[in-house]
Structure formats: structure tokens, C-alpha cells
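Working through the structure, step by step
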Amino acid sequence: MNTKAFVTGWPISHSKSPRLHGFWLKKYKIAGTYEPVAVEPKEFVNFLSQFKKNGFAGGNVTIPHKEVAFRIIKNLDPAASAIGAVNTLWFEGDELHGGNTDAYGFSANLDEFMPRWRDGEVAIVLGAGGAARAIIYALIEVGYKKIHIANRTQERAERLAADFGPKCVGHKLSKASELLGETDLIVNTTSLGMAGSGGEGLPDLSFARKTAIVTDIVYTPLRTPFLIAAEEQGLAAVDGLGMLLHQAVPGFEKWFGIRPEVTIELRNYILEA
Ligand code: ATR
């Protein structure tokens, strides 16, 4: 019987995940499917209890269901527990499990394009939303000693810092420029990098150390104004598309039994869409 997996969100039509998993299903000649399933918030709990009966091995969860899945699912992996959100579902026997692969995706992207990121000690994360939580978890796992979190709403940065312990310090976003002199890794998680936004409000990268690595989790456009500014300063810049590609690997392996490869062909195939 064909193995079926899903991505569920509300709305879900914009998701790139079906194209991504579809590429791998074809490449590895797996007779399975990966389909978008739009589920309204009020139907999500019901969906969780029914999907196995409907023939699905598991799937991905996206906005707005990630935090709800975290609250409902009993078996969580360490990343999901720490991040407070679930993006991947699978069964072990009859038990539903929830994991979070965003931190893995973030780390694997930097491992691919800028492996020396692991030698850094001080990072700054711009933004304090859900994506920032996954990245802070990844930075702590890798051994960063100090993590500055700078956010428009300072209180939210301070709350996030408190959640992750003494290595983290919350700041106002406008304070970020003066912190760059001691920072090895600069991560933008705010929507300020997106198409249409000029990147204003983000820190002035002329204050950064010459060895600093800059990455933006936004990948539309691929080269965000923030990454362009980084390159203009001669800094190493890593785009966010690889985080999307790599975060999908563990789920695909769980449902379909093959650990898929992130390749340049996959990257180009996603960019073509
Ligand atoms: P995600 O889950 O993708 O991280 P989110 O939880 O909506 O999304 O968080 C978006 C982040 O972008 C927040 O840190 C937000 O700042 P606030 O906490 O102050 O809202 C930040 N952000 C969004 N628009 C912004 C803007 N115009 N200027 C500065 N920061 C902005």
C-alpha cells in the first residue's frame, strides 16, 4: 500500500512542502504521496485523532497549528519540548509523536554553507517569534555562550530570554547595532527582510566584525535586503532556503524510510516554483 503523508495548516495553499517532498518521492521512486490538507483551527484536534484512520503515516504541521499540536501531543522530542511547537508528526506503534525539525534545519543549512558557524560564541537573533525560539534552541545546542535577542517589542525578547536561561539576554531592536562588535553570528527572523520591505529597522552591519556570519531565515526573496547589506560589508551571508529544505529531511525519513539528500537540483527545483 502507498504511504501517505500530509502538510496541514490554515491556509495551506502557499506551502512549498508538497513540491519539496514530491521531488524526493520521484527521485527515490517511492510509490507514496505527500498532500496539502487545509484544516480549520476548530477541526485540528479532530484531524489529529483521525489521520491514521484515513491512511496517513504522518505529516507536517504549520501555521496556525504548531503550538496547538505541542499542547495536545504527549510524546514530544526534546526540540519540540524546548521550542514549544511541533512541525512533524509520526506514529511509533499506536502512539502519536510530535517533533520539531526547524532547529535541525537551521543548523544543517549553516553546516552546509558556512561550517565555521559552529566555532562562534556570541550570536544575536533579531526577532522574538516562533522562528526565533527554534533558532535559540539550535544555538544553545551547538554551544553558543551568549545569545542576544533583539526585538521591536523588548518585553517579548526578555520573556523569550527568560525561557531559555542565563545565556540569553533580551534587548530592544534599536540596540542591536551596538551589540554587533562582539557578535559572531547575526540571524534575522523578522519579516523586515521580506520582499517589499527595504530592510529598514534592522541593524547597521557596518558595525559588525569582519568575520561575522549573517543569515536570514526569510527566503522570499532569496537575497534579502539584509543579506545584500551583509555582502556589501564583505561579510559572509547565508540565505534561508536551506533551512526549509533541511527541516524536511527527518520527516521524510520517518514516513518513507529513506533519508533524502538536500542537493543543488532540489534547491533549483524549489526556486523555479
Ligand atoms: P515567526 O513565527 O515567523 O517568528 P511572529 O511570531 O509573527 O513570526 O514574529 C515576527 C517577528 O518579526 C517578531 O519578532 C516581530 O516583532 P514584535 O514582537 O515586536 O511584533 C517582528 N516584526 C514584524 N514586523 C516588524 C517590523 N515592522 N519592525 C520590527 N520587527 C517586526
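You'll find the structure just up there.
What you see as residue numbers is a count from 1 along each chain, following the sequence as written. For a predicted model such as this one, the threshold for reporting local features is a pLDDT of at least 70, and the threshold for listing and counting side-chain atom pairs is 80 or more; totals across whole chains, interfaces and linings nevertheless cover every residue. Note that water and hydrogens are dropped before the side-chain values are worked out from all heavy atoms of the structure.

1. Comments concerning the sheet that holds strand E1 (residues 4-9)
- Only strands that DSSP links by at least two bridges are regarded as paired with each other. Secondary structure is summarised from DSSP: a helix means a run of H or I of at least four residues, a strand means a run of E of at least two, and numbering begins at the N terminus for each. With mixed pairing, six strands are arranged side by side in an open sheet as E2-E1-E3-E5-E6-E4. Only two strands of the sheet have a single partner each, and these edge strands are strand E2 (33-38) and strand E4 (75-76).
- As judged from the five bridges shared by strand E5 (residues 88-92) and strand E6 (residues 95-99), these two strands associate in the antiparallel manner. Across the sheet, Phe-91 pairs through a bridge with Leu-96, a residue of E6.
- Packing against the sheet, helix H11 (residues 249-256) makes contact with E1, E2, strand E3 (56-61) and E5, and its axis sits at approximately 30 degrees to E5. The contact definition used throughout considers only heavy atoms, calling two residues in contact when any of these lie within 4.5 Å. Between N-to-C directions, angles span 0 to 180 degrees; the directions come from axes that are lines fitted to C-alpha atoms, helices contributing only their stretch in contact.

2. Remarks on the site of the ligand
- Any residue with at least one heavy atom within 4 Å of a molecule or strand is counted as near it. If you check the shell around the ligand, you find 13 residues, and the closest are Ala-128, Asn-151, Arg-152, Thr-153 and Arg-156.
- Between an oxygen atom of the ligand and a main-chain N or O atom of Gly-130, the distance comes to 3.2 Å.
- Areas reported here follow the Shrake-Rupley algorithm with a probe of radius 1.4 Å; residue values treat only the protein chains shown as occluding. Within the complex, 66% of the 650 Å² of free accessible area of the ligand lies under protein.
- The site holding the ligand turns out to be the largest pocket.
- Of the residues in the shell around the ligand, the class split is four nonpolar, seven polar and two charged. Under this definition, polar contacts are N or O atom pairs within 3.5 Å; protein pairs additionally need one hydrogen-donor-capable and one acceptor-capable atom, and for neighbouring residues in sequence, both atoms have to be side-chain atoms. Cavities and pockets were defined on a 1 Å grid built from protein atoms only: a cavity is a group of points that admits a 1.4 Å probe but offers it no way out, a pocket is an open group of points flanked by protein on both sides within 12 Å along at least five of seven lines, and a lining residue is one with an atom within 4 Å of any such point. To qualify as sitting in a cavity or pocket, a molecule needs more than half of its atoms within 2 Å of the grid points. Nonpolar residues are Ala, Val, Leu, Ile, Met, Phe, Trp, Tyr, Cys and Pro. Charged residues are Asp, Glu, Lys and Arg, and all others, Gly as well, are polar.

3. A look at the packing of aromatic side chains
- The pairing test for Phe, Tyr and Trp rings, Trp by its six-membered ring, is centres within 6.5 Å, and the orientation test on the planes gives stacked under 30 degrees, edge-to-face over 60, and tilted for anything in between. For the structure shown, the criterion picks out 13 aromatic pairs.
- Both rings, one in Trp-24 and one in Phe-252, keep their centres 5.4 Å apart while their planes meet at 70 degrees; by these two values the pair is edge-to-face. Pair noted here: Trp-24 is in helix H1 (residues 17-27) and Phe-252 is in helix H11, with a separation of 228 residues, a long-range link.
- Given a relative accessible area of 0%, Trp-24 falls into the buried group.
- Here the aromatic cluster, defined as three or more aromatic residues joined through ring pairs, consists of Trp-24, Tyr-28, Tyr-34, Phe-252, Trp-255 and Phe-256.
- Positioned above the aromatic ring of Tyr-269 is the side chain of Arg-19, whose terminal nitrogen or guanidinium carbon lies 3.7 Å from the ring centre.
- Between Lys-254 and the ring centre of Trp-90, over which it is positioned, the NZ or CZ distance is 4.2 Å. The rule is simple: take the accessible area with a 1.4 Å probe, protein chains only, and divide by the maximum for that residue type; under 20% is buried, over 50% is exposed, in between is partly exposed. Counting as a charge over the ring demands two things of the Lys NZ or Arg CZ atom: a distance within 6 Å of the ring centre and an angle within 35 degrees of the ring normal.

4. Some details on unusual backbone geometry
- In this model, Trp-10 is joined to Pro-11 through a cis peptide bond whose omega is 0 degrees.
- For Pro-11, the position within the fold is in the loop between E1 and H1.
- In this structure, Pro-221 follows Thr-220 across a cis peptide bond, with omega equal to 5 degrees.
- Summarising the element assignment, Pro-221 is placed in the loop between strand E11 (213-216) and helix H9 (225-232).

5. Examining the pattern of salt bridges
- Any carboxyl oxygen of Asp or Glu within 4 Å of a side-chain nitrogen of Lys or Arg constitutes a salt bridge here. With the rule as written, the count across this model stands at 12 salt bridges.
- With a shortest N-O distance of 3.7 Å, Glu-40 and Lys-42 are connected by a salt bridge.
- Given the relative accessible area of 33%, Glu-40 is considered partly exposed.
- Linking Arg-159 and Glu-155 is a salt bridge whose minimum nitrogen-to-oxygen distance equals 3.8 Å. Within this pair, Arg-159 and its partner Glu-155 are both found in helix H7 (residues 154-164), separated by four residues, close to a single helical turn.

6. Points about the nonpolar core
- In these notes, a set of buried Ala, Val, Leu, Ile, Met, Phe, Trp, Tyr and Cys residues joined through side-chain atoms within 4.5 Å is what counts as a nonpolar core. In terms of nonpolar packing, the biggest core is built from 33 residues, with Phe-106, Trp-117, Ile-136, Leu-139, Ile-147, Ile-149 and Leu-185 touching the most fellow members.
- Every element with two or more residues in this core is listed here: helix H4 (78-83), helix H5 (102-113), strand E7 (122-126), helix H6 (130-142), strand E8 (146-151), H7, strand E10 (185-188) and strand E12 (236-238).
- In terms of residue count, H6 provides more of this core than any other element does, seven residues in total.
- If we ignore the near neighbours within four places in the chain, the residues touching Ile-136 are Val-125, Ile-147, Ile-149, Leu-160, Phe-164 and Cys-168.
- Within the second largest apolar cluster, 20 residues are counted, among which are Trp-24, Val-249, Trp-255 and Val-262.

Spatial relationships are all this shows, so hold off on functional conclusions.
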